Amino acid sequence: MNILVLIKQVPDTEATIKPGAEQKSIAEAGVKFVINPYDEYALEEALRLKEAQGGGKIKVVTVGPERAKQALRSAAELGVDEVLLLKTDTASLDGLAIAQVLSESVAKESFDLILMGKEAIDDGNMQVGPMLAELLDIPCLNVITKLTLSGRQVTAEREGDSGVEVLETSLPAVVTCQKGLNEPRYPSIRGKMAAMKMVIAEQTVTVSGDRAVVTGLQVPSARSGGKIVGEGAAAVPELIKLLHDEAKVI
Amino acid sequence: MLGWTGRIVLVLAILIALGYFMHEVWLRVRIIRRGKHDVKRWDRPAERLGYMIGRVGAQICAIKDRPFTGVMHAFVFWGFIFFTVATLNHVGGAFKSGFSLFGKNTFNDLWFLGVDVVAALTLIAVIALAVRRYIFKPAGITQPQPISRSPHSAIVLALIFGLMLTYLLNQGAEMILKGASFAAYMPVSKATAGLVAGMAPATLHAWNLFFWWSHILMVLGFLMFIPGSKHLHLLSGPVNIFFRSREPIGTLQPIDFEKTEQFGVSTLPHYQWKNISDFFACIDCGRCQDVCPAYATGKPLSPKVVMMSQRKHALHEARALVSGGEPSESIMNTWLTPDEIWACTTCGACMEACPVMNEHIPTLIDLRRNKAMMESDFPQELNAAFRGLETNANPWNMGHDSRTAWTDGLNVPIMSQAGEVEYLWYVGCAGSFDDRAKAVSRAVAQILNQAGVSYAILGLEEKCCGDPARRAGNEYLFSMMAMENVQVLQQYKFRKILTTCPHGYHMIKNEYKQFGGQFEVVHHTELIAELIKSGKLKVNQNGLDAVTFHDSCYLGRYNEIYQAPRDILQQLSGRAPVEMGRHHNKSFCCGAGGGRMFMEESLGTRINHSRTEEAAATGAKMVGTACPFCLSMLDDGIKETGITEKLQVRDIAQLVVEHLQS
């Protein structure tokens with residue numbers, strides 16, 4: 001089975017994010033970049049499927065700048081078969097543009113299963129998965145917490161507020177992964193050492209970056225502490241006054 | 001003197017016994033030789049020999065932790081030494097009547113006075129040891145079952161008892177048969193002579209021959225029994241002490257990643273030879289088990305089982321090992337379980353207690369290394385810690401750029417802008433990210449500023465010292481971090497490194513050497529004690545009520561810093577701290593070492609609760625610590641056991657700040 005895993009390199013969840021040049025992108029100095037955490041579930045699921053089936057191929061592709069090679073290297077440490085950087089310096093917010101670039105690249109090969117995170121934690125668009133499936137004209141199962149393969153038959157679960165949906169389709173398909181699907185592994189040192197020597201393949205691509213643009217970034221203002229107005233019924237008039245005059249919510 | 005038939009039987013018996021003994025010992029030597037070469041074991045041979053003779057000769061090894069059984073053991077040991085000559089004379093007597101190795105002189109007489117007395121003392125000791133083992137049944141030597149259920153002890157006690165008894169009866173009979181010329185310096189044999197005095201000469205002669213033969217046959221039987229039993233320690237024990245590690249307890253050795261494909265230990269030949277030698281030196285005495293925090297709190301780890309189980313494994317695989325082949329199975333799962341190797345807090349109490357100076361911690365970490373690096377199989381929680389170390393250079397995975405957030409509002413100089421300083425203060429991850437330890441960092445900064453100490457911190461150039469990675473078996477990650485840290489440290493000018501965390505202290509002082517970093521390191525309690533002594537820091541004396549002190553393993557057992565924190569407490573409270581039941585080198589771990597800080601403690605009871613209760617039992621209202629992990633564990637222990645009214649915990653630096661003279 002041929003599995004394609006799509007990943008994105010994003011700032012570390014713990015990084016302090018500050019607006020950079022012209023307040024339109026983030027300042028990258030001192031920021032650590034990691035594989036998007038939801039994409040790690042996709043990587044882990046691909047590795048588990050390959051192990052369970054005792055064969056197959058895993059290819060990992062990302063769209064991004066030169067630094068995204070580090071994310072591919074981290075993926076390579078886990079023991080995937082092939083990695084590819086679709087290189088662009090355009091930071092596009094446009095999900096469709098990314099999906100188009102990916103679909104052109106992916107269409108050249110045939111994959112049974114395309115796995116990716118449900119969303120990237122930096123822009124949180126949640127668009128690329130379904131759009132890519134649409135462009136490839138294959139089904140898409142979104143936000144999946146359990147995945148079972150039986151031959152070409154796919155059964156997946158999606159957890160909602162009120163219960164679990166069970167979805168079925170057949171391969172090829174796009175599956176976007178949600179926390180809870182699995183617990184991503186830590187690479188073996190042999191894997192790490194092999195990945196250090198790996199040559200990362202790259203192709204330059206053009207991403208149209210003008211259909212949706214960032215006009216400005218702002219840091220949310222620091223939270224001020226809560227205020228205790230008083231106690232019991234006596235405090236109610238003061239509370240209402242403040243909610244009306246100061247917070248302007250009533 | 002024996003007749004020709006007797007002599008031939010004797011010589012054959014000796015050849016068989018000696019041959020079997022040598023064969024069995026050589027088998028074990030060949031198994032040990034399957035381990036890897038280790039150059040560190042042969043340096044300073046004269047010093048090693050002297051240390052071995054002193055420690056074994058004075059029986060410090062046995063007496064140190066168990067005075068009563070130790071003294072009993074010393075009787076048996078000295079009995080063994082004195083009897084070497086007696087046994088040679090005994091055998092020589094078969095060929096030449098009245099044979100004496102030393103000849104007839106005062107030295108010989110004195111020696112045999114010694115033999116006579118130790119024979120009696122050994123008899124007493126054997127009875128005492130048997131009573132202890134079979135009536136009082138101390139857990140250390142009788143648990144856990146079934147591995148400690150060995151008939152070996154009964155056989156050995158019976159043999160030694162028989163040896164002494166037949167010797168004394170034989171001597172007594174000889175005394176009567178040959179006239180009592182040597183009675184003066186053999187008081188005990190003289191007494192046994194009284195027992196057989198009434199016999200007819202022919203009967204006495206027959207009995208004498210019987211005592212003579214039973215004695216020598218028991219000697220030879222014992223010889224054949226030794227190699228296959230834990231009593232091999234009378235050879236392997238002293239050898240093991242000779243080849244002891246000369247580094248601080250628990251110090252780990254690096255892996256050369258260029259030269260090997262196997263990281264850590266999966267099968268026996270992956271060990272260094274000394275690790276395997278340890279397995280054969282173990283006596284099942286359980287001193288290690290008695291002090292192990294994991295064992296004490298119901299976890300499946302016992303340090304002695306780690307040794308004994310692998311000895312069984314080695315013997316099980318003996319055929320393959322001595323013929324140069326590979327063992328048929330790996331050590332883990334059949335012989336040891338993951339829960340055992342991950343339960344270790346690397347506190348070092350086992351190594352401190354071991355009479356033959358076995359090195360349990362490096363062995364356990366070798367097994368962890370294989371698990372962590374070759375198999376990526378370790379407690380789930382470590383995944384986050386390893387990733388945190390990789391991405392944010394701290395095991396909590398907090399944003400690296402907030403490493404210096406604790407300095408807000410304080411005047412803390414940064415190394416890159418400070419030029420040359422006296423102390424480069426290595427704050428450590430806990431001191432930078434953990435709220436409780438951040439308060440300690442602020443206290444230390446205040447002390448340094450007030451005393452006018454020249455210092456600076458690395459700021460964002462500081463990264464984790466790597467201790468959690470190394471102790472959790474991720475040597476690869478650790479070695480990258482250590483190399484990088486040594487490089488950063490070497491580019492600055494300073495006299496000493498100051499650490500607020502004993503783990504950083506140990507790593508930088510003792511383990512960074514392996515990566516080319518030679519640094520003089522001081523712990524903050526040492527510096528503070530010195531500042532108070534020299535008058536640079538003035539504290540209110542008697543400002544503090546009764547206080548107890550919890551020794552951190554890495555400060556105490558690992559680096560033998562016991563007095564500095566106590567001196568400070570003495571200054572603050574006007575009296576020495578109230579000691580807990582276990583203190584100094586016998587201190588009981590808080591439960592957070594060995595990477596355990598970052599793992600769940602789901603088996604047995606909690607180590608920190610046990611220690612907290614011990615601190616509360618002193619009656620002191622305050623327990624002082626000098627380690628951020630201990631602080632955290634004890635604070636949690638106090639809250640979780642609901643004794644916040646009774647007991648509080650502070651780092652020594654916080655107590656000092658609370659009692660500073662302004």
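Residues numbered from 1 in each chain as written. Chains lettered and ligands numbered in written order. Predicted model: local features only at pLDDT ≥ 70, side-chain atom pairs only at ≥ 80, totals over all residues. Heavy atoms only, no water.

Participant: Now, about the overall build of chain B: what can you tell me, with residues and values included?
Facilitator: Along its length, chain B carries 30 helices and 7 strands. Its C-alpha atoms give chain B principal-axis dimensions of about 100 × 60 × 45 Å. Among the 662 residues that make up chain B, the fraction classed as buried is 58%. When contacts within chain B are restricted to residue pairs at least 6 apart in sequence, long-range pairs at least 24 apart make up 79% of them. Counting only carbon and sulfur atoms, one obtains 60% of the accessible surface of chain B, whose full area is about 26700 Å². Side-chain charges in chain B split into 63 positive and 57 negative, and the spacing between the mean points of these groups amounts to 8 Å. (Helix = DSSP H or I, 4+ residues; strand = E, 2+ residues; numbered from the N terminus. Buried < 20%, exposed > 50% of the residue type's maximum accessible area, 1.4 Å probe, protein only. Contact = heavy atoms within 4.5 Å. Areas by Shrake-Rupley, 256 points an atom, 1.4 Å probe, with all protein chains shown as cover. Lys, Arg positive; Asp, Glu negative; His and termini not counted. Charge placed at Lys NZ, Arg CZ, Asp CG, Glu CD.)

Participant: Can you tell me about the interface of chain A and chain B, naming the residues and giving the values?
Facilitator: With 18 residues of chain A at the interface, the matching set in chain B holds 21 residues. Summed over both sides, the interface of chain A with chain B buries roughly 1800 Å², with 49% coming from carbon and sulfur. Among the residues chain A hides against chain B, the three largest losses belong to Y186, I189 and R190 of chain A. Together they make up 38% of the total. There are 2 salt bridges connecting chain A and chain B. The salt bridge involving E40 of chain A is made with R387 of chain B; its shortest N-O contact spans 2.8 Å. (Buried area = accessible area lost by both parts, 1.4 Å probe. Salt bridge = Lys/Arg side-chain N within 4 Å of Asp/Glu carboxyl O.)

Participant: Would you mind going over the packing of helix α14 (residues 303-316) of chain B against helix α18 (residues 360-374) of chain B in detail, with residue names and values included?
Facilitator: Residue and element names in this part refer to chain B. Two elements in contact, α14 and α18, have axes separated by 10 Å at closest approach and are oriented at 70 degrees. The angle between α14 and α18 falls in the class roughly perpendicular. The two elements α14 and α18 cross, and the hand of that crossing is left-handed. Contacts from P303, V306, M307 and Q310 of α14 reach α18 at H360, T363, L364 and L367. Residue composition of the contact of α14 with α18, by class: 5 nonpolar, 3 polar and no charged. (Axes fitted to C-alpha atoms, helices over the stretch in contact; angles between N-to-C directions. Parallel < 35°, antiparallel > 145°, perpendicular 65-115°, else oblique. Left-handed = near helix turned anticlockwise from the far one by under 90°. Nonpolar A, V, L, I, M, F, W, Y, C, P; charged D, E, K, R; others polar.)

Participant: Please set out the packing of aromatic side chains residue by residue, giving values where relevant.
Facilitator: All names here are of chain B. This structure, assessed with the given rule, holds 29 aromatic pairs over all chains. Judged by centre distance (4.8 Å) and plane angle (75 degrees), the rings of W42 and F243 are edge-to-face. With W42 in the loop between α1 (4-32) and α2 (45-57) and F243 in the loop between α10 (233-242) and α11 (273-281), this pair connects stretches of sequence that are 201 residues apart. Members of the aromatic cluster, each reached through a chain of ring pairs, are F77, W78, F82, F102, F107 and W111. Seen from the ring of F588, R582 lies directly overhead, with NZ or CZ sitting 3.8 Å from the centre. (Phe/Tyr/Trp six-rings, centres within 6.5 Å; stacked < 30°, edge-to-face > 60°. Lys NZ or Arg CZ within 6 Å of the ring centre and 35° of its normal.)

Participant: Give a description of the sheet that holds strand β6 (residues 622-625) of chain B that names residues and reports values.
Facilitator: Strand pairing within a sheet occurs via backbone hydrogen bonds; the two strands may be parallel or antiparallel. Residue and element names in this part refer to chain B. Strand order in the open sheet formed by 3 strands is β5-β6-β7, with parallel pairing between adjacent strands. Here the strands that pair on one side only, and so sit at the sheet edges, are β5 (547-549) and β7 (648-651). Pairwise comparison of adjacent strand axes, ignoring direction, gives a mean angle of 30 degrees for this sheet. Where β6 meets β7, 4 bridges bridge the pair, whose relative direction is parallel. Opposite G624, over in β7, you have R650 as the bridge partner. The sheet strands contacting helix α29 (residues 628-640) are β6 and β7, and the helix crosses β7 at an angle near 170 degrees. (Pairing = 2+ DSSP bridges.)

Participant: An account of the pattern of salt bridges is needed here, citing residue identities and associated values.
Facilitator: All names here are of chain B. Tallied over the entire structure, the rule returns 64 salt bridges over all chains. For R41, the salt bridge identified is with D38, shortest N-O distance 3.1 Å. The partner of D635 in a salt bridge is R436, with the nearest N and O atoms 3.0 Å apart. Residue D635 is located in helix α29, and its partner R436 is located in helix α22 (residues 435-450); the two are separated by 199 residues in the primary sequence. Exposure remark for R436: the relative accessible area of 26% places this residue in the partly exposed category. When salt bridges with common partners are traced through the structure, they connect D366, R369, D467, R470, R471, E475 and E511 into a single cluster.

Participant: Describe the sheet that holds strand β7 (residues 140-144) of chain A, and please don't skip the residues or the numbers.
Facilitator: All names here are of chain A. The strand order across the open sheet formed by 7 strands is β7-β11-β6-β1-β4-β5-β12, and the pairing between neighbours is parallel. Whereas interior strands pair on both sides, the edge strands pair on one side only; in this sheet they are β7 and β12 (201-204). Neighbouring strand axes in the sheet, compared pairwise and without regard to direction, differ in orientation by 20 degrees on average. Bridging between strand β6 (residues 113-117) and strand β11 (residues 173-177) involves 5 bridges; their strand directions are parallel. Bridging from a neighbouring strand, M116 pairs with T176 of β11.

Participant: How would you sum up the domain arrangement of chain B? Please name residues and give values.
Facilitator: Looking at chain B, the domain boundaries give domain 1 (4-10 + 42-225), domain 2 (268-374) and domain 3 (387-658). One C-alpha centre belongs to domain 1 of chain B, the other to domain 3 of chain B, and the line joining them spans 53 Å. (Domains from an automatic or database assignment.)

Participant: Describe helix α4 (residues 128-136) of chain A, listing the residues and the values that go with them.
Facilitator: All names here are of chain A. Among the residues of α4, those classed as buried are V128, G129, L132 and A133. Buried residues of α4, viewed axially, fall in a sector of 130 degrees; they line one side. Lining the buried residues of α4 we find β1 (2-7), α3 (95-107), β6, β7 and β11. Downstream of α4 by one or two residues, D137 has phi in the positive range, about 60 degrees. (Arc of directions from axis to C-beta.)

Participant: Describe the packing of helix α26 (residues 524-533) of chain B against helix α27 (residues 563-573) of chain B, listing the residues and the values that go with them.
Facilitator: Residue and element names in this part refer to chain B. One can describe the packing of α26 onto α27 by two numbers: an axis separation of 8 Å at closest approach and a directional angle of 45 degrees. Of the possible angle classes, the one that applies to α26 and α27 is oblique. The crossing of α26 and α27 is left-handed. On the side of α26, the interface is formed by T525, E526, I528, A529 and I532, while α27 contributes A564, P565, I568 and Q571.

Participant: Break down the environment of F75 of chain B for me, with residues and values.
Facilitator: Residue and element names in this part refer to chain B. In this structure, F75 sits in helix α4 (residues 67-92). Each C-alpha atom, one on F75 and one on A120, is 9.2 Å from the other, the two residues being 45 residues apart in sequence. Discounting residues that sit within four places of it in the chain, F75 has contacts with L121, T122 and A125.

Participant: Give a description of a nonpolar patch on the surface that names residues and reports values.
Facilitator: All names here are of chain B. Nonpolar side chains collect at one region of the surface, where I127, V131, Y134, I135, F136, F161 and L165 lie side by side and expose about 670 Å² of accessible area between them. For the nonpolar patch, the elements supplying multiple residues, two or more each, are α5 (106-136) and α7 (152-178). No other element matches α5, which puts 5 residues into the nonpolar patch. Residue position: I127 is located in helix α5. (Patch = residues over 30% accessible without salt bridge, like charges linked within 9 Å, V, L, I, M, F, W, Y side chains within 5 Å.)

Participant: Would you mind going over the pairing of strand β4 (residues 57-64) of chain A in detail, with residue names and values included?
Facilitator: Consecutive side chains of a regular strand alternate in pointing toward one face of the sheet and then the other. Residues and elements named next belong to chain A. Among the 8 residues of β4, 7 are classified as buried, and the element is accordingly described as predominantly covered. Sheet topology note: the β1/β4 ladder contains 6 bridges and is parallel. Across the sheet, the residue bridging to L6 is V61, located in β4. On the question of chirality, the crossover connecting β4 to the parallel strand β5 (residues 82-87) by way of helix α2 (residues 69-77) is right-handed. (Right-handed = clockwise from strand over helix to strand, strands pointing away.)

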